[in-house]
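Results of the structural survey
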Amino acid sequence: MLDFTIYTYNLVAGKADPQLPGLFTGLPPRKAARGREHDRLVLHLSFDGSNPLPAETQREFLEKLTALFFNTPGTVTYALKLIVAQLNDRLLARNLRSREGTTAIGLFQALVLHDDSLFIAQSGPIHTFIFTRDGVNHYYETEDGGYGLGTSRIGAVRFYRENLKLGDQVLLSARPPAHWLTAALTGLSRLPLDQQRAVLTGPNPSNLSFLLLQTDRGKGLLPIASLHEVASRPLTAAAVPMVDQTPPPAVPPPPPVFLSGETLETDESQNSTLIGDSGEKVVGLFAGLLASRKKAETAPEVPQSEPEVLPPTDIEASAEVPDLETFISPPINPPTVEPWSPDRGEPDFAAQSVSAEAEVPAVGTSRIKTSRRTRTALVSGLRGWRAFKNRVGSGFSTLLSRIMPGQAEKMPTVAPGVLVFIAIAVPLIIVAVATTVYLQNGRGEQHKALMAQSLAAVTQAQAQSDPVLQRVTYEAALDWVRQAEDFGVTDESRTLKAQISSAIDAMDGISRFELHPALSSDFDRGVRISQIWASPTEDLYLLDTANGRVLRMVFTRPGYEIDPLFSCGPGMVGSLIIGPLVDIVLAPTGNAFDSVVLGVDATGNLLYCSLNAGKTTAVTLPPPDAGWGKIQAITYQNSVLSVLDPGGNAVWRYEGFGLDFSAKPRLFFDNIVPNLAGAIDLAVYLDDLFVLNQDGHMLVCTYSNVEVTPTRCTDPYPYRVSAAGQAPQESVTLNAQFTQIQATQPPEPSLFYLDASGRAVYQFSMSLNFVRRLQPTTDGDNPLPDSAPTALAVTGGRNLVMAYDNRIFIAAMPAP
């Protein structure tokens, strides 16, 4: 595994600063999301504008982005897109709140070392140089990189990828000097570190900041060092491999952040003993003391003066004072009287003589003095307790006699314990009632104040003409009403929150709908639905990827029932052995095979599934001349079966007669074949082919049957998204994790994408113009699973069906 040693250089007004603000590194925690277990992250943030963020605020932002990255499953580029979008939103909101002329434009670079691959994300006009054995690669976008983060609703980001080897270097800078030309930097990695610094800084630098990252053998760590600490040597032309140099000593910049949440080892010196841990000893102390005394009929008053001190040698005279060990464990010859109990009245601690037969253990002088002091303290404490009870009883008697004069002799006798309880309980009750009233009134006032602030923000948002400012103000109003609900939820707060949420949804093009369970009971836990097709009669056919079979749900109006007799899956069909199905497609009605659904396995066997099990048949599709690579998906339209084969980098067209696909397939493309290595799904509408890639970008091709006009492809084909009243913006990828695509037919032909991470459905036109985002409600009567959705279908009856592994939900399509 490779270490990624990070050398920092920061020169401000000619003074070296070993710390570089905006640098943050992260290693994967123990419970990282799937796909993030072995990633190492380096974030570099700098600013243009007149109002940059303070260093501590930058660190706080970058720490949160690091946590978001390692908690996001999926591809590296998807996780990077999330953190770029999050940072852009924060900076945009800050710039909108700042006074005119004070902005902070973020120039952002994120590097992820994923095994031996380096993924780079750049936002803004910044530069990355990669030094390998083959030469220098310079990554810099003057147009697509945008101005930086915090300037528009959607933050522009560009991705690059390199395979690193031992000794390769990466150079990052937001503002490189003019002499950093690719030709001038060739061979830089072969110089020692001090000579590399001299080449990069030039003769007389005044303000310059950059990062130089070096791959070394190690354990996958991200150590940080400063180039300022490297000893200077004369610049020579000798080429010394960098891997032979001893790394400079590390300086105290912040180490890589571990997000696993481990705590430090407990310092035993800080441990303390709780009172409860010594409770048994305290009980034993009182038991020994009480058991060693008799209750005298008339006890002489113990004087409160200084207790008698015995001579050191007069041990027998102190026999009446048991030592501490006697308190803890009773003496061998216990007293002839019973120990004290509450039914026998107050214990008397007056001095009593002990019979001569009682055995007194031999103790030292210091132990005797300790015992005497302990006894004296206990006697004083109990005497004070008795005096307190007497004062309380006397006070209550005086109070009652004043309330009912002349009837003092008829006053009922109240036990001292009851009087003490009243004396303690009544103040506590008064305090509790007063506290409750105060908290209720205080919480009510806080609720009203926060609701008033929210209403004022809503009024301000409605008067805004700038859609960006309007959205930010609505979000502030929503935050106020949520804070108000912390002090109590009312009908007014619910209504206001729903009003604000609807306004924000309208600006973002979001339509809400509530999903309901489609079945009275779910499928078995071993079922995982990955594909859904709806027939013209609204029956549903579902691909169970976990078992490679097809399940059928019969529409019973208004609900569904499982068809237990339907059989469509792996096994022997005629003379063919059908393997687990990898994809399915709906068969046209009235076909010669009496088939309702077609399925294909990994070897190219095509299964015609019928409602009559005896009519289910199978054939082998004629393979391409080079054989199959990896069959990923199929689709059917107008007697043409299209097969997506990313392993063979092809989309094959079987132009059949009905469902007869016995002819050899034709390649959908002409001379120029796009890269399909990351393709995961496809859809066909008329002559247009739509291919969805794993990173979310789209490939769109138009098929041509005319030889003089070749098939045209656009890769990537941009999405056109307009939100919050802004002009449409083109983007190759979106802040979503698309896993499935489906094309619907007229009267409203559309492309529907399943967003697994956002748990939503995106609707686009056939030209990839954004229509809306369909988002299920989370506060309805039917709670949704915590897992991500796994399949999607839009039925002919305008119903939306979504699968969450083994659970199926359905909802009516919301109106546009």
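Presented here is an overview of the structure given in this document.

The rules behind the values
- Residues numbered from 1 in each chain as written.
- Predicted model: local features only at pLDDT ≥ 70, side-chain atom pairs only at ≥ 80, totals over all residues.
- Heavy atoms only, no water.
- Helix = DSSP H or I, 4+ residues; strand = E, 2+ residues; numbered from the N terminus.
- Buried < 20%, exposed > 50% of the residue type's maximum accessible area, 1.4 Å probe, protein only.
- Phe/Tyr/Trp six-rings, centres within 6.5 Å; stacked < 30°, edge-to-face > 60°.
- Expected span 1.5 Å × (residues − 1).
- Contact = heavy atoms within 4.5 Å.
- Pairing = 2+ DSSP bridges.
- Disulfide = S-S within 2.5 Å.
- 1 Å grid on protein atoms, 1.4 Å probe; cavity = no way out; pocket = protein on both sides within 12 Å on 5 of 7 lines; lining within 4 Å.
- Points joined across faces, edges and corners; volume = space filled by probe spheres on them.
- Nonpolar A, V, L, I, M, F, W, Y, C, P; charged D, E, K, R; others polar.
- Salt bridge = Lys/Arg side-chain N within 4 Å of Asp/Glu carboxyl O.
- Axes fitted to C-alpha atoms, helices over the stretch in contact; angles between N-to-C directions.
- Core = buried A, V, L, I, M, F, W, Y, C linked by side-chain atoms within 4.5 Å.
- Parallel < 35°, antiparallel > 145°, perpendicular 65-115°, else oblique.
- Left-handed = near helix turned anticlockwise from the far one by under 90°.

Within the protein chain one finds ten helices and 42 strands. Across the 816 residues of the protein chain, 44% fall into the buried class.

Another aspect to go through is the packing of aromatic side chains. Counting across every chain of the model gives 21 aromatic pairs. Between the aromatic rings of F668 and Y703, the centroid separation amounts to 5.0 Å while the plane-to-plane angle is 45°, which identifies the pairing as tilted. Residue F668 is located in the loop between β29 (666-667) and β30 (679-685), and its partner Y703 is located in the loop between β32 (698-702) and β33 (712-717); the two are separated by 35 residues in the primary sequence. Just as F668 is buried, Y703 falls in that class too. Joined through ring pairs, the aromatic side chains of Y719, F738, Y753, Y762, F764 and F770 make up one cluster.

Moving on, we come to the environment of Q694. Inspection of the secondary structure assignment puts Q694 in the loop between β31 (688-693) and β32. Note: C-alpha distance between Q694 and T77 (617 residues apart in sequence) is 9.8 Å.

As a further point, take helix α1 (residues 55-70). Between its terminal C-alpha atoms α1 stretches 23 Å, which fits the 22 Å expected from 16 residues at 1.5 Å a residue. Buried positions along α1 lie against β3 (23-27), β4 (39-48), α2 (76-97) and β5 (105-114).

Strand order across the open sheet formed by four strands is β15-β42-β41-β40, with antiparallel pairing between neighbours. Either end of the sheet is taken by a strand with one partner, and the two such strands are β15 (516-517) and β40 (791-794). Where β40 meets strand β41 (residues 799-804), four bridges bridge the pair, whose relative direction is antiparallel. Bridge assignment links V794 to a residue of β41, and that residue is L800.

The subject of this paragraph is the state of the cysteines. A covalent bond between the sulfur atoms of two cysteines is what we call a disulfide. Here the structure, examined in full by the defined rule, presents two disulfides. Each sulfur of the disulfide joining C568 and C609 lies 1.7 Å from the other. As the torsion about the S-S bond is roughly 60°, the C568-C609 disulfide counts as right-handed. Of this pair, C568 sits in the loop between β19 (560-562) and β20 (571-573) while C609 sits in strand β24 (residues 605-609); the two residues are 41 residues apart in sequence, bridging distant segments of the chain. Residue class for C609 comes out buried when judged on its relative accessible area of 0%. Among the cysteines of the protein chain that take part in disulfides, numbered as they appear in the sequence, the pairing is 1-2, 3-4.

A few words on helix α4 (residues 193-201). In terms of burial, α4 is largely enclosed, as seven of its nine residues are buried. All of the buried residues along α4 are L193, D194, Q195, Q196, R197, L200 and T201. Of the residues trailing α4, G202 is marked for its positive phi of about 80°.

On to the layout of surface pockets. Once rolled over the atoms, a probe with the size of a water molecule shows which space is left empty. Size it by volume and the second largest pocket reaches roughly 1,000 Å³. Along the walls of the second largest pocket sit 44 residues, with W533, A534, P536, L586 and Q745 positioned nearest its centre. Here the residues of the lining of the second largest pocket are counted per class, giving 21 nonpolar, 15 polar and eight charged.

Counted by the stated rule, this structure contains 17 salt bridges. Residues K497 and E485 are paired through a salt bridge, measuring 3.0 Å at the closest nitrogen-oxygen approach. Of this pair, K497 sits in helix α10 (residues 491-508) while E485 sits in helix α9 (residues 467-485), and the two are twelve residues apart along the sequence. Residue classification places K497 among the partly exposed positions, given a relative accessible area of 28%. Three or more residues joined by partner-sharing salt bridges are found here, namely D539, R552 and D563.

One open sheet accounts for five strands, arranged β14-β39-β38-β37-β36; its pairing is mixed. Pairing within the sheet leaves two strands with one partner each, and these edge strands are β14 (510-513) and β36 (738-744). Within this sheet the neighbouring strands show an average axis-to-axis angle of 25°, counted without direction. Here six bridges tie β36 to strand β37 (residues 750-755), and the two strands are oriented antiparallel to one another. In the sheet register, I741 faces β37, and the bridge partner there is Y753.

Take the nonpolar core next. The nonpolar side chains of a soluble globular protein tend to be buried with one another. By size, the foremost hydrophobic cluster in this structure holds 26 residues, and its most contacted members are L43, F69, L80, L87 and F108. Every element with two or more residues in this core is listed here: β4, α1, α2, β5 and β6 (117-123). Here this core gets seven residues from one element, more than from any other, and that element is α2. Apart from residues lying up to four places away in sequence, F69 is in contact with R36, D39, L41, V76, A79, L80, I83 and V112.

This part takes up unusual backbone geometry. With an omega of 10°, the peptide bond between R557 and P558 qualifies as cis. Of the consecutive residues P746 and P747, the connecting peptide bond is found in the cis state with omega at 20°. The residue P747 is located in the loop between β36 and β37 in this model. For N638, which is not glycine, the phi dihedral falls at a positive 50°. The topology assignment puts N638 in the loop between β26 (633-637) and β27 (640-645). Taking relative accessible area as the criterion, N638 reaches 62% and is therefore assigned exposed.

With that out of the way, let us pick up the pairing of strand β11 (residues 208-217). The buried count for β11 comes to eight of ten residues, which makes it a mostly enclosed element. Judged from the ten bridges that link them, strand β1 (residues 2-12) and β11 form a sheet pairing that is antiparallel. In the sheet register, L11 faces β11, and the bridge partner there is L208. Direction of pairing for strand β10 (residues 169-173) relative to β11: antiparallel, over a ladder of four bridges. The partner of V170 across the bridge, within β11, is L213.

Our next topic: the packing of α1 against α2. One can describe the packing of α1 onto α2 by two numbers: an axis separation of 9 Å at closest approach and a directional angle of 150°. What the angle tells us is that α1 and α2 run roughly antiparallel. Remark: the crossing between α1 and α2 carries right-handed chirality. Seen from α1, the contacting residues are F61, K64, L65, L68 and F69; seen from α2, they are V76, A79, L80, L82, I83, Q86, L87, R90 and L91. Looking at the contact of α1 with α2, its residues break down into eleven nonpolar, one polar and two charged.

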